[in-house]
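Architecture and fold: a report
Below, each chain spelled out in residue letters.
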Amino acid sequence: MMPASRRLRLVAAPHLHGGRAVPRLMLHSVIALLPVTVFAVVVFGLAALATIVVAILACLLAERAFAPPSALGDGSAMLTGLLLGLSLPPALPLWMVALGGFLAIGVGKHLFGGLGAPVFHPVLVGRVFLQAAFPAAMAQAWVAPLTGARATELPATSLALPFMSPAAPYDGLSGATPLTAVKAGDTGAPLADLWLGTVAGSVGETSALLLLLGGIYLVAMRVIDWRIPVALLATVAVLGAALHGLDAERHPAMLTTLGSGGLMLGAWFLASDPSVSPMTRRGAWIYGLAIGALVVVIRQYSGQAEGVMYALLLGSALTPHIDRWTRPQPLPEGAER
Amino acid sequence: MRVFGRRPAFSGGIRLPAHQRREAEATIRQLPFAPRLLLPLRQHAGAASTAVVRAGDEVFRGQLLARADNDSAVPLHAPATGHVLRITEQPDALAGTVQVIELAALAGDTQEYTGGESHDPDRCSADELLAAIHEAGIVGLGGEAGSTHRRLVHARERAVRVLVINGIEGEPGFSRVPAMLARHGADVLAGLRCLRKVLGVERAVLAVETPDGAAARNLLEAAPGGTLPALRVLPPRYPQGAAGLLVRTLAGGAVDGHPAFAADEAVVFSLATVAEVGRMLSGGLAMTDQVITLAGEGLREPGNYRVPLGTPVGFALEQAGMRPEPDRVLAGGPMRGQALAALDRPIVKGATGFVAVAAGETADVPASMPCIRCGECVAACPLELHPAELGFLARRDEWQAMVEDFHLDRCFECGCCAYVCPSHIPLVQMFRTAKAQWRRAQARPAVEAAT
Ligand code: SF4
Ligand code: SF4
């Protein structure tokens, strides 16, 4: 007979796990963003680097303040910070960046209940706050790409003190972003510049190509549901092409539409965040489609040059409803055993 | 996801990493008798049987120990020649207590045993075969462990048209299917003839997963003749071997020119059950042993073993070379097996296998994190339930909503949801608790009404 002394562990089934883990998903997302991050620092220089670093530090600080210390290890605050940094104009005063990061985590994440609970993407909460509170700074903090002194100098605006009157624009270099240019009746930036990212824009939103590669990496690593960005971008492409066909004067060409603004960042990295997107696969299609349509509508018919941010917020607001509409129906009785 | 072609019969399930198949997996080794065998009178899903022996009785192998007084009970036979030490009352998970016959096996028993009268499916009538199946005390060996006789009777009442032989390994790392195909081919064919005759059905389908496709094809090609079952080889996917899911999968598509059939026109028997029916009827044997898989890194010689009923789990594992201090021992496989607190409990009819998990074999499950609403579990649930929502409700103790709005009672604890969850939420464990709480809540008004 067996010696009775063995200590056997009583662990509940299943005893296997597929290996997916939240910290790994976050890590993959950070990896997917590295190329565009490096590129942003090359193109916009110290200003971009400072923005990203400050955003990350602010998010980590807020996470430390509102969550148990172990939560820092899951990487989600780090990712939020990185995404926020990438979505802001490079020369934004750093204190604003810090405030935005702190609010993204403090309000956007923890006020809603912490990891997994947010209704809106914390990054968008941070950015919307900055947009609403400091519209002038947000509109002026663009930096023309590849300027000579970018590696050695921070723009004066970056170092502006909190609540002081805005510093003079950075040596008159502040460039209009392609979308504001289009709004103003200009033809916009050359397509190649737009896709490569050598245009004025948010820190990491400018290189559509690198963001697309990052997104493909996420899909290949099964981090995100490919249906969301695919549905979103396809909708934007189809509607964009249709509008361009109707009135080529007012509406940019399809590839310009796809390559500009925060669309790629939003589609691959923000819309696809599991917490703010529907849980079912059918829901993912509807959600992507809805955001895509909203992007086009807001961009073309409102005074806002940048429709992605608001489209994402509205899309997230739809998520609980989409989840309800697409609730899975169990297989008929007797389908098991 | 399938972009083209027929919509799969069920959309969930998971692809488990292919486990290494060793040559030894198609072999079956014989386990010696443990000195003492423990035989609970309720071995299976169903009513207990009634002892017909007393303490002190000498019994020979295959002799009736307990008879079935009830439709859902099955007779129990002595797995070894020896004598009855005592009959005790032991606690039982389902029935409160159950009688257990303790048998001292005669040392040096050869395990050879000449059975009684052989039943040739071609000469006996369907009713004679059915009676023989009952007398042999056979239960389902695919994990469900109900009386095979009863299942056949019900299937006859339903007038089924299709006999499905389930050759899909129910658990990762188990290897009874290749072993049965390789070592019990003739028994499988004999059992098939027998079940066909009892049920009066012409059509039969043998379903296996790709790794066993070649072995199944060989078996059918080498068959001496007669009507052979259609073979369906399915790409591996857990848990498509669950009988209902399998029927759904098979029913939809035409097989070898046979038309599709409706799911309720089919009855499923596991490959192991079919093989044992064939073996016992042709040898005139009773169910006194069965083939189980002993698996896990905690064993030096994992593989398939023919074990006498009543063998203590610990004894069987020692025989398979259990290394000292396993981390845990599972009754059943890694996806659905329950961890055992002690190894002195006996192997009963219908057990499929045991896993001795070595310390460090599986990474410790990290502490669970909040649900990130990723929907992986929803996509993985083969029944298309909503594990994430069930999880939210379970945390708030909302058993009623879980059952009434989200069909908790349908969950058969396959484990797919917990397997894919990136937050390591113990969903299955939560659902088990919730079911127990719900049952208790349901039972309470009845008790109150009665008092
Ligand atoms: S354990 Fe239950 S809820 Fe989870 S996947 Fe299996 S059937 Fe669905
Ligand atoms: S898999 Fe886990 S984290 Fe994802 S939705 Fe289901 S319960 Fe939540």
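In this text, all values refer to a predicted model and were calculated from it rather than measured experimentally.

1. Observations regarding the overall build of chain A
Counting its regular elements, chain A contains 14 helices and 0 strands. When its helices and strands are written in sequence order, chain A yields α-α-α-α-α-α-α-α-α-α-α-α-α-α. For chain A, the proportion of its 337 residues judged to be buried stands at 54%. In chain A, the proportion of contacts linking residues at least 24 apart, taken out of those at least 6 apart, comes to 77%. Counting every atom, chain A has about 14,100 Å² of accessible surface; 69% of that belongs to carbon and sulfur.

2. Here we look at the site of ligand 1
All names here are of chain B. The local shell around ligand 1 consists of C381, P382, P387, C411, F412, E413, C414, G415, C416, C417, V428 and F431. Of all the elements in the fold, those that place two or more residues in the shell around ligand 1 are helix 12 (416–420) and helix 13 (427–450). In terms of residue class, the shell around ligand 1 is made up of 10 nonpolar, 1 polar and 1 charged.

3. Some points on the domain arrangement of chain B
As far as domains go, chain B holds domain 1 (3–26 + 122–283), domain 2 (34–110), domain 3 (288–362) and domain 4 (376–450). Between the C-alpha centres of domain 2 of chain B and domain 4 of chain B there is a distance of 36 Å.

4. Focus: the nonpolar core
Counting 72 residues, the largest nonpolar core has L33, L83, L92, L263, F269 and I291 of chain A as the members making the most contacts within it. Apart from residues no more than four positions distant in its own chain, L263 of chain A is found in contact with L232, L233, V236, T257, L258, V295, R299 and V308 of chain A. Residues I138, L152, A223 and L231 of chain B belong to the second largest nonpolar core, which totals 48 residues.

5. Examining the packing of helix 10 (residues 227–246) of chain A against helix 12 (residues 263–270) of chain A
Residues and elements named next belong to chain A. Where helix 10 meets helix 12, the closest approach of the two axes is 9 Å, and the angle between their N-to-C directions is 155°. The angle between helix 10 and helix 12 places the two elements in the roughly antiparallel class. Classified by chirality, the crossing of helix 12 by helix 10 is right-handed. Packed against helix 10, whose contacting residues are P229, L232, L233 and V236, the element helix 12 presents L263, M264, A267 and W268 at the interface. The residue makeup of the contact of helix 10 with helix 12, split by class, is 8 nonpolar, no polar and no charged.

6. Some words on helix 4 (residues 185–199) of chain B
Residue and element names in this part refer to chain B. With 15 residues, helix 4 should reach 21 Å at 1.5 Å per residue; the first-to-last C-alpha distance of 21 Å fits that figure. Counted residue by residue, helix 4 has 12 buried out of 15 residues, so it is predominantly covered. All of the buried residues in helix 4 are G185, D187, V188, L189, A190, G191, L192, C194, L195, R196, V198 and L199. Two residues or fewer after helix 4 comes G200, characterised by a positive phi angle close to 65°.

7. What about unusual backbone geometry?
Here the residue pair A13 of chain A and P14 of chain A is connected by a cis peptide bond, since its omega of -5° sits within 30 degrees of zero. Along the polypeptide, P14 of chain A turns up in the segment before helix 1 (22–44). Geometrically, the link from Y238 of chain B to P239 of chain B is a cis peptide bond, its omega value of -5° lying close to zero. Mapping P239 of chain B onto the fold places it in the loop between strand 11 (230–234) and helix 6 (243–252).

8. Quick notes on the sheet that holds strand 8 (residues 96–105) of chain B
Residue and element names in this part refer to chain B. The 4 strands lie next to each other as 2-8-7-4, forming an open sheet whose pairing is antiparallel. A strand with exactly one partner marks an edge of an open sheet, and here the two such strands are strand 2 (36–40) and strand 4 (58–59). In terms of strand pairing, strand 4 meets strand 7 (residues 82–92) through 2 bridges, oriented antiparallel. Each residue of the ladder has a partner; that of E58, found in strand 7, is H83.

9. Focus: the interface of chain A and chain B
Counting residues at the interface gives 43 residues for chain A, matched by 68 residues for chain B. Of the roughly 4,800 Å² buried at the junction of chain A and chain B (both faces included), carbon and sulfur atoms supply 61%. If you sort the residues of chain A by the area they bury against chain B, H15, M279 and L331 of chain A come out on top, with a joint share of 16%. In this assembly, chain A and chain B are joined by 4 salt bridges. One salt bridge in this structure joins D327 of chain B and R9 of chain A, with 2.9 Å as the shortest N-O distance. Our count for the contact surface shared by chain A and chain B stands at 13 residue pairs in polar contact (both at pLDDT 80 or more).

10. Let's talk about the site of ligand 2
Among the 13 residues in the neighbourhood of ligand 2, the closest are listed as C371, C374, G375, C377 and C421 of chain B. Looking at the shell around ligand 2 residue by residue, the class counts come to 9 nonpolar, 2 polar and 2 charged.

11. Examining the pairing of strand 17 (residues 353–357) of chain B
All names here are of chain B. Taken across its 5 residues, strand 17 has 5 buried, putting it largely inside the fold. Alternating residues of strand 17 divide into G353, V355 and V357 and F354 and A356, and every residue in both groups is buried. Looking at chain direction, strand 13 (residues 289–295) and strand 17 are connected through 3 bridges and run parallel. Pairing of T293 across the sheet is with G353, part of strand 17.

12. Comments concerning helix 9 (residues 208–220) of chain A
Here helix 9 of chain A contains 13 residues, and its C-alpha end-to-end distance of 18 Å stays within 8% of the 18 Å for a straight helix at 1.5 Å per residue. In the segment just after helix 9 of chain A, R222 of chain A is the residue with positive phi, at about 55°.

13. Some points on the side chain of R279 of chain B
Residue and element names in this part refer to chain B. Structurally, the position occupied by R279 is in helix 7 (residues 271–283). The class of R279 is buried, set by a relative accessible area of 17%. The residues touching R279, leaving out its near neighbours within four places in the chain, are H184, D187, L285, D289 and R306.

14. So, the packing of aromatic side chains
Taken as a whole, this structure holds 5 aromatic pairs over all chains when the rule is applied. Through successive ring pairs, a cluster of aromatic residues spans W95, F129 and F134 of chain A.

15. As for the sheet that holds strand 5 (residues 64–67) of chain B
Within a sheet, each strand pairs with its neighbour through backbone hydrogen bonds, oriented either parallel or antiparallel. Residue and element names in this part refer to chain B. Pairing in this open sheet of 3 strands is antiparallel, and the strands run 3-5-6 from one edge to the other. Both edges of this open sheet fall to strand 3 (50–51) and strand 6 (76–77), since each of them pairs with a single strand only. Summarising the sheet, strand 5 and strand 6 pair through 2 bridges and their orientation is antiparallel. Across the sheet, L64 pairs through a bridge with H77, a residue of strand 6.

16. Things to note about a nonpolar patch on the surface
All names here are of chain A. A cluster of nonpolar side chains, W226, V230, W285, I286 and W325, forms an exposed patch at the surface whose accessible area comes to about 480 Å². The residue W226 is located in the loop between helix 9 and helix 10 in this model. For W226, a relative accessible area of 32% translates into the label partly exposed.

17. Quick look at the packing of helix 1 of chain A against helix 3 (residues 76–87) of chain A
Residue and element names in this part refer to chain A. Running from N to C, helix 1 and helix 3 cross one another at 25°; their axes reach a closest spacing of 10 Å. One finds that helix 1 runs roughly parallel with respect to helix 3. The interaxial crossing formed by helix 1 with helix 3 has left-handed handedness. Note on element contacts: helix 3 touches helix 1 through S76, M78, L79, L82, L83 and L86, opposite M26, S29, V30, L33, V36 and T37. Here the residues of the contact of helix 1 with helix 3 are counted per class, giving 9 nonpolar, 3 polar and no charged.

18. Here we look at the environment of L258 of chain A
Residues and elements named next belong to chain A. Following the sequence through the fold, L258 ends up in helix 11 (residues 254–259). Overall, L258 belongs to the buried group, its relative accessible area being 11%. Considering only alpha carbons, one finds L258 and E205, 53 residues apart in sequence, at a separation of 12 Å. Not counting residues within four places of it along the chain, the set of residues in contact with L258 comprises W195, L233, V236, A237, L263 and M264.

Rules of the game
Residues numbered from 1 in each chain as written. Chains lettered and ligands numbered in written order. Predicted model: local features only at pLDDT ≥ 70, side-chain atom pairs only at ≥ 80, totals over all residues. Heavy atoms only, no water. Helix = DSSP H or I, 4+ residues; strand = E, 2+ residues; numbered from the N terminus. Buried < 20%, exposed > 50% of the residue type's maximum accessible area, 1.4 Å probe, protein only. Contact = heavy atoms within 4.5 Å. Areas by Shrake-Rupley, 256 points an atom, 1.4 Å probe, with all protein chains shown as cover. Near = heavy atom within 4 Å. Nonpolar A, V, L, I, M, F, W, Y, C, P; charged D, E, K, R; others polar. Domains from an automatic or database assignment. Core = buried A, V, L, I, M, F, W, Y, C linked by side-chain atoms within 4.5 Å. Axes fitted to C-alpha atoms, helices over the stretch in contact; angles between N-to-C directions. Parallel < 35°, antiparallel > 145°, perpendicular 65-115°, else oblique. Left-handed = near helix turned anticlockwise from the far one by under 90°. Expected span 1.5 Å × (residues − 1). Pairing = 2+ DSSP bridges. Buried area = accessible area lost by both parts, 1.4 Å probe. Salt bridge = Lys/Arg side-chain N within 4 Å of Asp/Glu carboxyl O. Polar contact = N/O pair within 3.5 Å; in protein donor to acceptor, adjacent residues only side chain to side chain. Phe/Tyr/Trp six-rings, centres within 6.5 Å; stacked < 30°, edge-to-face > 60°. Patch = residues over 30% accessible without salt bridge, like charges linked within 9 Å, V, L, I, M, F, W, Y side chains within 5 Å.

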